[in-house]
Amino acid sequence: MTDTLSPAQTPTQTPTGRVRSVPKLVFTDAEAGALEFPSSNSRSFNYFQPARMKATLYEDVTVDVQPDPERYLTQDWVYGFAQGPGGYPKEWTAAKSSNWHWFRDPNQEWEQTIYKNNAREVRQVEASITNARNEGAFERWSDAWSRIVERHVGAWMHPEHGLGMHVFVPAQRDAPTNMINNAISVNSMHKLRIAQDLALFNLEASEARPGFKGQSHLEAWNDDPIWQPARQAVENLTAIRDWCQAVVSANLAFEPLVGELFRSGYVMSTAAANGDFVTPTIMGVAESDYERDLAYTRELVSGLTHDDQHGKDNQKLLSSWLEVAIAESLAAARALEPIWSEADSTPGTFDDALSRARERVRGVLDELDIAFEEIMSTHYGRMVALDDRMILFADPEDAAEYIGFDLKAVSD
């Protein structure tokens, strides 16, 4: 009886006369189908556990699209960085989660919805600008309001672009799951689109209104003392390398205390009183975007602060992050106060707008179980705002001792 050899053991002669053999197959359990997953034994295939009984279309096209060696694969990352970890390391943020894959975007954003939502908002802005141009609305602005639009509204395109390009774009690359990355990526698109809308609006106003100085926003952003604290706050945000810290600091501190304060607290409430119905449309779209961005941020942070294993540590960590971000954002917000006196008619006051912004932040942080102390200088000493009460100190040294700040003696 002749022994039967396997293909790997059978020499093969090539046309050139050389003899070769077929490599032996080696199974490593890294191939598709090697591991068990939620629907391995189901007639309805699904490789992940949906948030509800049935997976949504958003989950079908988003969950686990980005590979993770901890889920369904036995090999490690198939690519990496020079002298660094591979793939999407969880160590790129100090925040901890027992399972990063729990996150689902409440906005359910994916490729199709991104295009639909952004196209709808762009059409809304374009239609408003076209109607204003056809009706001669730009010419009816007062000179005072025209200066505000060219300097201050124009200047706002810079923080929008800075946050979009240099805060959210890097953050979406570093986050550990595709679900988180998608949400942050959409956040960056919102910011970049609003910056573009403001730039195009600036060009339209320059063409439609005689004497409109379309380049004034550069001088305002670079040199005007009103904008320098905001510029510093944005630049400090771009320097944060921890992706979670960057997102939290931007969306829970800078955006509500500076962004909303300026967009809705000033521009949207003041423009109409000065004959401008176009600028509020653009800012209104930006506010709508922020509500969506805030929704995913709250969902993400809530999961971290209420995590069974790391919740308490995350609460302390995020509190320390926000202590810095809120202090810088409040300084930026207070520097904007002179703008409220530049228009011919200003229905609201700066103090009212800032009070609403601070209450908004406090409400969000209370909901997320993040402790928060706000330190404010006053003309009669020091005032310390705690979560449940306000403490006023007549002597700054007493206030310094209470908050653990060391006042050093200065000799003449």
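Everything here concerns the structure above.
Position numbers for residues count from 1 along each chain, tracking the sequence in the order it is written. Local features are withheld for residues below a pLDDT of 70 in this predicted model, meaning they are given only at 70 or higher, and side-chain atom pairs are given and counted only at 80 or more; totals for whole chains, interfaces and linings count all residues. To obtain the side-chain values, all non-hydrogen atoms of the structure were included, while hydrogens and water were left out.

Caption draft 1: Structural context of the pattern of salt bridges. Any carboxyl oxygen of Asp or Glu that lies within 4 Å of a side-chain nitrogen of Lys or Arg is treated as forming a salt bridge with it. Per the stated rule, a full pass over the model turns up 18 salt bridges. Where D143 meets R209, a salt bridge forms, and the shortest distance between an N and an O atom there is 3.1 Å. Residue D143 is located in helix α3 (residues 143-155), and its partner R209 is located in the loop between α5 (178-208) and α6 (216-223); the two are separated by 66 residues in the primary sequence. Of the residues examined, D143 reaches a relative accessible area of 54% and is grouped as exposed. Exposure categories follow from relative accessible area, calculated using a 1.4 Å probe and restricted to protein chains: below 20% of the type maximum is buried, above 50% is exposed, and the middle band is partly exposed. Residue R209 is classed as buried on the basis of its relative accessible area, which comes to 8%. In this structure, R151 engages D224 in a salt bridge whose closest nitrogen and oxygen atoms are separated by 2.9 Å. With R151 in helix α3 and D224 in the loop between α6 and α7 (228-238), this residue pair connects regions lying 73 residues apart in the sequence. Neither R151 nor D224 differs from the other in exposure class; each is buried. Numbering of helices and strands runs from the N terminus; a helix is a DSSP stretch of H or I covering at least four residues, while a strand is a stretch of E covering at least two.

Caption draft 2: Representation of the packing of aromatic side chains in the model. Here the aromatic set is Phe, Tyr and Trp, taking the six-membered ring for Trp, and pairing holds for ring centres within 6.5 Å; pairs whose planes are under 30 degrees apart are stacked, those over 60 apart are edge-to-face, and all others are tilted. Scanning the entire structure with this criterion turns up 15 aromatic pairs. Centroid distance F138 to W141: 5.3 Å. Interplanar angle 65°. Geometry classified as edge-to-face. In this structure W141 comes out as buried when scored by relative accessible area, which is 3%. Within the aromatic cluster, the residues linked to one another by ring pairs are W145, W156, W221, W227, F254, F262, Y266, W340 and F350.

Caption draft 3: The nonpolar core, seen in detail. If you look at the biggest cluster of nonpolar residues, it comprises 94 residues, and the most contacted ones within it are W227 and F262. Top element by residues in this core is helix α8 (residues 243-270). It accounts for 15 residues. Definition of nonpolar core: a set of buried residues of the types Ala, Val, Leu, Ile, Met, Phe, Trp, Tyr and Cys, connected through side-chain atoms within 4.5 Å.

Caption draft 4: Expanded view of helix α2 (residues 111-135). Over its 25 residues, α2 runs 36 Å from end to end, which matches the ideal 36 Å to within 8%, given 1.5 Å per residue. By the burial criterion, the buried members of α2 are T113, I114, N117, N118, E121, V125, S128, I129 and A132. Throughout, a contact is declared for two residues whenever any of their heavy atoms are within 4.5 Å. Those residues of α2 hidden inside the fold are in contact with α5 and α9 (279-305). At the exit of α2 stands G136, carrying a positive phi of roughly 70°. In this scheme, a helix's expected span is set at 1.5 Å multiplied by one less than its residue total.

Read these as geometric descriptors, not functional statements.
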